[in-house]
Amino acid sequence: MAATRTGGPRPSPVPNQAMRELRGGLSPGEFATLVRRAAREIGEHVSCDARYVGRVESGEIRCPNYAYERVFRHMWPDRSLAELGFAPRTVVRRRAPTTGPSVPAQPPDAPHRSDEENDEVLRRTFLNGGPTAVAAVLGLDQAPPSASPPPAAAPQPERRRVGAAEVRGVEQAVRDIRLLDDAHGADALFELAGQSLRSAYLLLNDGDYSAATERRLQSGAGELAISVGWLAHDSNRLTDARSFYSEALATARMARDPHLEAHVFSNSAFLARDAGRPREALRAAQAGQAAADGLGSDRLLSLLALREAGGWALLGDRPACERALSRAYALFERGERPDADPEWMSFYGEAELAGQEAQCWSALGDWDRASARAERAIGLQEPHFVRNRVLYTAELAHDRLGRGDLAGAGAHGTAAVALLGQVRSARIRGMLAHTADRLRGHAAVPEVREFLEGYDAAA
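Cut-offs used in this document
Every chain is numbered on its own, with residues counted from 1 as its sequence reads. Whole-chain, interface and lining totals are the exception, using all residues; otherwise, since this is a predicted model, local features are given only for residues with pLDDT of at least 70 and side-chain atom pairs are given and counted only at 80 or more. Calculation of side-chain values draws on the structure's entire complement of heavy atoms; hydrogens and water are dropped beforehand. Helical segments are the DSSP runs of H or I of at least four residues, strand segments are the runs of E of at least two, and each set is numbered from the N terminus. Here's how the labels work: a residue is buried when its accessible area is under 20% of the maximum for its type, exposed when over 50%, partly exposed in between, all with a 1.4 Å probe on protein chains only. Here, residues are in contact when the closest pair of their heavy atoms is within 4.5 Å. Working definition of accessibility: Shrake-Rupley area with a 1.4 Å probe, residue cover restricted to the visible protein chains. Side-chain rings of Phe, Tyr and Trp, where Trp is taken by its six-membered ring, are said to pair if the distance between their centres is within 6.5 Å; with planes under 30 degrees apart they count as stacked, over 60 as edge-to-face, and otherwise as tilted. Axis definition: a line fitted to C-alpha atoms, over the contacting stretch in the case of helices. Angles run 0 to 180 degrees between N-to-C directions. Oblique is the label for every angle not falling under 35 degrees (roughly parallel), over 145 degrees (roughly antiparallel), or within 65 to 115 degrees (roughly perpendicular). Crossing handedness is read from the near helix: turned anticlockwise from the far helix by less than a right angle, it gives a left-handed crossing, and turned clockwise, a right-handed one. All residues other than Ala, Val, Leu, Ile, Met, Phe, Trp, Tyr, Cys, Pro, Asp, Glu, Lys and Arg, Gly among them, are scored as polar; the first ten of these are nonpolar and the last four charged. Under this definition, polar contacts are N or O atom pairs within 3.5 Å; protein pairs additionally need one hydrogen-donor-capable and one acceptor-capable atom, and for neighbouring residues in sequence, both atoms have to be side-chain atoms. Using a grid of 1 Å spacing that covers the protein atoms alone, one calls a set of points a cavity when a 1.4 Å probe fits there but cannot get out, and a pocket when the set is open and has protein on both sides within 12 Å along at least five of seven lines; lining residues are those with an atom within 4 Å of a point. Grid points are joined across faces, edges and corners, and a volume is the space filled by probe spheres set on the points. Helix span, expected: 1.5 Å multiplied by one less than the number of residues in the helix. By convention in these notes, a salt bridge is any Lys or Arg side-chain nitrogen within 4 Å of a carboxyl oxygen on Asp or Glu. What we call a nonpolar core is a set of buried Ala, Val, Leu, Ile, Met, Phe, Trp, Tyr and Cys residues that are connected through their side-chain atoms within 4.5 Å. The pLDDT score gives, residue by residue, the confidence of the prediction method on a 0 to 100 scale.

Next up on the list: the overall build of the protein. Across its full length, the protein holds 21 helices and zero strands. Across the 459 residues of the protein, 49% fall into the buried class. In the protein, of all internal contacts separated by at least 6 residues, the share reaching a separation of at least 24 is 70%. Only carbon and sulfur atoms are counted for the fraction: they give 53% of the accessible area of the protein, which is about 21,000 Å².

What follows is the structure in structure tokens.
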């Protein structure tokens, strides 16, 4: 049951004069078009229209949700939210005490029923549709039903006893996040998963547990930090992702857990490559291989070699990239014991290997090889990895464009748009936005025109 909001009547809206002045002589509809265009530039997706602009300027929206905030900061990087006429999020988001598991607060502009509404539907699905352990994890910061409030004179509340049930809840939350991310993408899960992570670290920092429970709880919290970092990465929140990975690495080293450390370095290398930091990607991939040495998983070493190849490709070092790819394939073929691989590596099969190789050839400008490997990745991808199917299709459109195949780029772009409704990933939307921008001068090609019409309608 949802918590009841308290705190008295909502204050009368105060017009946002700052945003009205920034609109200048543009009509609300024209200004909304600029906002949507700015969103596409950073891989974000907002359904800004004249009505939304009116709600902002009237003061009905006192603080934008996170998606609009990122867009506004992109449009006016030298201005704070206060300088844009908005109230602090902590003031707008009023909280009420609850007697059960906490649920994420609605975005301040939740009445706008577009992307925000769809995200909330997925959030509710995540909270209510998965195993009950997920809801339990989200409420781990609540006192157990049998606990009584501490005496008035006590300076600290009673420490909660943490056992196997709580640890299993953290571990199950990690699994559920991964499954939902594979099916739907990261955008709608990031905020909710962050609440799970805060609850897990609250248990770790304030709980009372045995040494054996501590080890499992540290590993679970670290894996959860990596999952939230990945959701941030796929949502184009790259700075947030780096922060979560740093937190996970600190946890791995305190726990002396090489499996967790190798996982952090694998994700950090991927993030650094996408952020355009190839040297950092190489260092992370090589550190991951050192951590994974002796763990008995050839496919983990294969994935880390693949991460290294991505760094070399971004540096333009083709021979080093080819050597790393050769190691990745050889180690993959040797990895015939699935039980030796970490649970989180379930995504790493032949399709992912081909897809990541395609990105290497794309970075090196070898568009024929990139296209061939992307096509192979699409053909091999298992149906339940919906997000990756869209990703590989978007990559293939980009690679066909690199070859100068306008019709092929348009056709594969259309196929990606057709799948995009099933997935919420700012990273993939950003790729398609880039391809669309490059194709806009070629709308005379029928396949390109069909893609642009479908993309604009979806966006």
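For the structure on display, the rule yields ten aromatic pairs. For the ring pair Tyr52 and Tyr68, a centre distance of 4.0 Å and an interplane angle of 10° mean the geometry is stacked. Of this pair, Tyr52 sits in helix α3 (residues 50-58) while Tyr68 sits in helix α4 (residues 66-75), placing them 16 residues apart in sequence. According to the relative accessible area criterion, Tyr52 is buried, its value standing at 1%.

Moving on, we come to the environment of Gln356. Summarising the element assignment, Gln356 is placed in helix α16 (residues 350-363). Accessibility expressed as a relative area gives 4% for Gln356, which makes it buried. Spatially, the C-alpha atom of Gln356 lies 9.3 Å from that of Tyr392, the residues being 36 residues apart in sequence.

With that out of the way, let us pick up the packing of α16 against helix α17 (residues 367-380). Two elements in contact, α16 and α17, have axes separated by 8 Å at closest approach and are oriented at 160°. Here α17 runs roughly antiparallel to α16, going by the angle between their axes. In the crossing of α16 with α17, the sense of the turn from one axis to the other is left-handed. Contacts between α16 and α17 involve Glu350, Ala351, Ala354, Gly355, Glu357, Ala358, Trp361 and Ser362 on the former and, on the latter, Trp367, Arg369, Ala370, Arg373, Ala374, Arg376, Ala377 and Leu380. Residue composition of the contact of α16 with α17, grouped by class: nine nonpolar, two polar and five charged.

On to the side chain of Ser268. Mapped onto the fold, Ser268 is located in helix α12 (residues 258-274). Ignoring sequence-local partners within four residues, the contact set of Ser268 consists of Tyr245 and Ala284.

Its place among the elements puts Thr213 in helix α10 (residues 211-234). Here Thr213 falls in the buried class, since its relative accessible area comes to 14%. For Thr213, the side chain forms a polar contact with the side chain of Ser210, separated by 3.0 Å. With sequence-adjacent residues up to four places away left out, Thr213 is seen in contact with Val162, Gly163 and Val167.

This brings us to the layout of surface pockets. Taken as a whole, the second largest pocket holds about 720 Å³ of empty space. Residue lining of the second largest pocket: 23 residues in total, with Arg273, Asp274, Gln359, Arg427 and Met431 positioned closest to the centre. Put simply, the parts of the chain that give the lining of the second largest pocket at least two residues each are α12, α14 (298-315), α16, α18 (386-402) and α20 (426-439). Each residue belonging to the lining of the second largest pocket can be placed in one class, and the counts come to nine nonpolar, nine polar and five charged.

With that out of the way, let us pick up α14. Counted at 1.5 Å a residue, the expected span for α14 with its 18 residues is 26 Å, and the 26 Å between its end C-alpha atoms agrees. Within α14, 15 of the 18 residues are buried, leaving the element largely enclosed by the surrounding structure. One or two positions beyond α14, positive phi appears at Gly316, with a value near 80°.

Taken as a whole and assessed by the stated rule, the structure comprises 23 salt bridges. Residue Arg400 pairs with Glu375 through a salt bridge whose shortest N-O separation is 2.4 Å. One end of the pair, Arg400, is in helix α18; the other, Glu375, is in helix α17, with 25 residues separating them in the sequence. Asp456 is the salt-bridge partner of Arg440, the closest N and O atoms lying 2.7 Å from each other. Of the two residues, Arg440 sits in the loop between α20 and α21 (446-458) while Asp456 sits in helix α21, which places them 16 residues apart along the sequence.

Our focus in this paragraph is the nonpolar core. Among the nonpolar cores identified, the biggest contains 38 residues, and Leu197, Leu217, Leu224, Leu231 and Tyr245 are the most heavily contacted of them. Mapped onto this core, the elements with two or more residues apiece are α8 (164-184), α9 (190-206), α10, α11 (238-255), α12 and α13 (278-292). Non-local contacts of Tyr245, meaning those with residues more than four positions away in its chain, are made with Ile226, Gly229, Trp230, His233, Val264, Asn267, Ser268 and Leu271. Counting residues in hydrophobic clusters, the runner-up holds 28 residues, among them Leu303, Ala328, Met345 and Ala370.

One non-glycine residue, Asn236, adopts positive backbone phi at about 65°. Position of Asn236 relative to the elements: it lies in the loop between α10 and α11. Asn236 gets classed as partly exposed once you look at its relative accessible area, which sits at 29%. Unusually for a residue other than glycine, Arg256 sits at a positive phi of about 50°.

This brings us to the confidence of the model for the protein. On average, residues of the protein carry a pLDDT of 79, and 79% of them reach 70 or more. pLDDT under 50 marks residues 1-8. Its contacts with residues more than four places away, or in other chains, come to eleven contacts. Every residue in residues 94-157 is under pLDDT 50, and counting partners more than four places away or in other chains gives 111 contacts.

The next point concerns the packing of α11 against α12. Two elements in contact, α11 and α12, have axes separated by 9 Å at closest approach and are oriented at 160°. Classified by the interaxial angle, the pair formed by α11 and α12 is roughly antiparallel. Classified by chirality, the crossing of α12 by α11 is left-handed. Between α11, through Leu238, Ala241, Arg242, Tyr245, Ala248, Leu249, Thr251, Ala252 and Arg253, and α12, the contact on the second element is made entirely by Leu260, Glu261, Val264, Phe265, Asn267, Ser268 and Leu271. Along the lines of polarity and charge, the residues of the contact of α11 with α12 split into ten nonpolar, three polar and three charged.

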